[in-house]
Amino acid sequence: MASGLGVALFSSAVFGLSGSFAKALLETGWTPGAAVTARLTGAALILAIPAVPALRGRWSQLRDNWLTILLFGLIGVAACQLFYFNAVERLSVGVALLLEYLAPVIIVLWLWAASRRRPRPLTIAGTLLSLGGLILVLDLTGAVKIDVVGVLWGIAAAVCLAIYFFITARENDTLPPIVLASGGLMVGAVVMWLAAATGLLPMAFSTADTKLGPWVTPWWVSLGGLIILATVLAYVSGIVAARALGSKVASFVSLTEVLFAVIWAWLLLGELPGPIQLLGGVLIVGGVVLVRVDELRGPRAGTSSAGGSGAAPVPAPLDHANDVEPVP
């Protein structure tokens, strides 16, 4: 448990670097589409090395799970990262990531509406707390007006992340996690290149030096950090942590990614959300914690304590609201 916890914290720390590395590239003239495409392509090629042996020649696994890999790569990887990077281009890294972390709230609201089954009080409290935090993060009455387009991109990333949760939360014993990650990255990279080739996605690269904290570095340092640290190592360590701790506990620990992202943005970009936004961030994370604590408590008993054949069943909690690790 202790070693798994350390790996999970490491995974959150390197995942939290993605926004800072991406913004360093965006400020030199890279477009969000170019940054995402380079990230996905490089990471897919590297992760293909361990993914091929993991298949052990059972290529039918790819055929049997092609739809899961396709949706994971298209929505959970390509769209989610593109929308997040678009948000980072207009907002601070911390605010953009906090908006994306509304995904668990979106899942709760969606399952509530779709199933017409009311969540338990603790989940409702967490949802309301996160929505209140969103109002503070937006700081609607603040002197500095927040970019509305950036907010919409952040919410769009949250929706994609919610869909990602639904896809990966499904029980699947036939597809190794590293294969799903590599396949999804490959699909995402192909989609991005096709969108660029057809002119649907603006692509602009730059070889200008990037600035990370007090250091001025070549462009490939930020790109390498985005690919190797914030993607490859983040994915692999996240998988190791999930196997050591279980997906729910690992995803609970992954909440620390918000803290790491804010710290990295402060150290590398000089960005720090305002006091009201930081308070809103605490409320959002606190709300998500309540939702996840409610999930970890497990389902309630299926019948009332009064007993008897006519006892009404007690509704079970919303399942799989978010029991996998997010990938920003």
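Use the structure listed above.
Residues numbered from 1 in each chain as written. Predicted model: local features only at pLDDT ≥ 70, side-chain atom pairs only at ≥ 80, totals over all residues. Heavy atoms only, no water.

A. A nonpolar patch on the surface, seen in detail. A cluster of nonpolar side chains, L259, I263, W266, L267, L272 and L278, forms an exposed patch at the surface whose accessible area comes to about 570 Å². Considering every element that reaches the nonpolar patch, the biggest residue donor is helix α13 (residues 256–269), with four residues. Its place among the elements puts W266 in helix α13. (Patch = residues over 30% accessible without salt bridge, like charges linked within 9 Å, V, L, I, M, F, W, Y side chains within 5 Å. Areas by Shrake-Rupley, 256 points an atom, 1.4 Å probe, with all protein chains shown as cover. Salt bridge = Lys/Arg side-chain N within 4 Å of Asp/Glu carboxyl O. Helix = DSSP H or I, 4+ residues; strand = E, 2+ residues; numbered from the N terminus.)

B. Looking closely at helix α11 (residues 219–245). With 27 residues, α11 ought to run about 39 Å at 1.5 Å a step, and its terminal C-alpha atoms sit 36 Å apart, in line with that. Of all the bends in α11, the largest measures some 35 degrees and sits at A234. (Expected span 1.5 Å × (residues − 1). Bend = angle between axes of the 7 residues up to and from the residue.)

C. Inspection of the side chain of S206 at higher detail. Within the secondary structure layout, S206 lies in the loop between α10 (177–197) and β1 (210–212). In terms of polar contacts, S206 uses its side chain to reach the backbone carbonyl oxygen of T28, at 3.1 Å. A polar contact of 3.1 Å, which involves the side chain of S206, links it to the backbone nitrogen of A208. (Polar contact = N/O pair within 3.5 Å; in protein donor to acceptor, adjacent residues only side chain to side chain.)

D. Here's a closer look at α10. Compared with an ideal rise of 1.5 Å per residue, which puts 21 residues at 30 Å, α10 spans 30 Å between its outermost C-alpha atoms and is within 8% of the ideal. Looking one or two residues beyond α10, the residue adopting positive phi is G199, at roughly 85 degrees.

E. Structural detail: the nonpolar core. Grouped together as the largest cluster of nonpolar side chains are 80 residues, with contacts concentrated most on W30, L40, Y84, L99 and L185. Looking at this core element by element, the count peaks at 11 residues for helix α5 (residues 66–90). (Core = buried A, V, L, I, M, F, W, Y, C linked by side-chain atoms within 4.5 Å. Buried < 20%, exposed > 50% of the residue type's maximum accessible area, 1.4 Å probe, protein only.)

F. Representation of the environment of L185. Following the sequence through the fold, L185 ends up in helix α10. In sequence terms L185 and A78 are 107 residues apart; their C-alpha atoms lie 7.8 Å from each other. Leaving out residues up to four positions away in the same chain, L185 has contacts with L40, A43, A44, L47, V77, T231 and Y235. (Contact = heavy atoms within 4.5 Å.)

G. A look at the pattern of salt bridges. Applying the stated criterion to the full structure yields two salt bridges. The closest approach of N and O atoms between K23 and E271, which form a salt bridge, is 2.8 Å. Highlighted residues: K23 in helix α2 (residues 18–26) and E271 in the loop between α13 and α14 (275–296), separated in sequence by 248 residues. Judged by relative accessible area, K23 falls into the buried class, the value being 9%. Overall, E271 belongs to the buried group, its relative accessible area being 14%. Between D147 and R90 there is a salt bridge, with the nearest N and O atoms lying 3.4 Å from each other.

H. Expanded view of the packing of aromatic side chains. Enumeration over the complete set of coordinates arrives at five aromatic pairs. Taking 6.1 Å as the distance between ring centres and 65 degrees as the angle between the ring planes, the aromatic pair formed by F15 and Y235 counts as edge-to-face. Placement of F15 in helix α1 (residues 2–15) and of Y235 in helix α11 is noted, with a sequence separation of 220 residues between them. In this structure, F15 and Y235 share a single accessibility class: buried. Judged by centre distance (5.9 Å) and plane angle (45 degrees), the rings of Y84 and F85 are tilted. (Phe/Tyr/Trp six-rings, centres within 6.5 Å; stacked < 30°, edge-to-face > 60°.)

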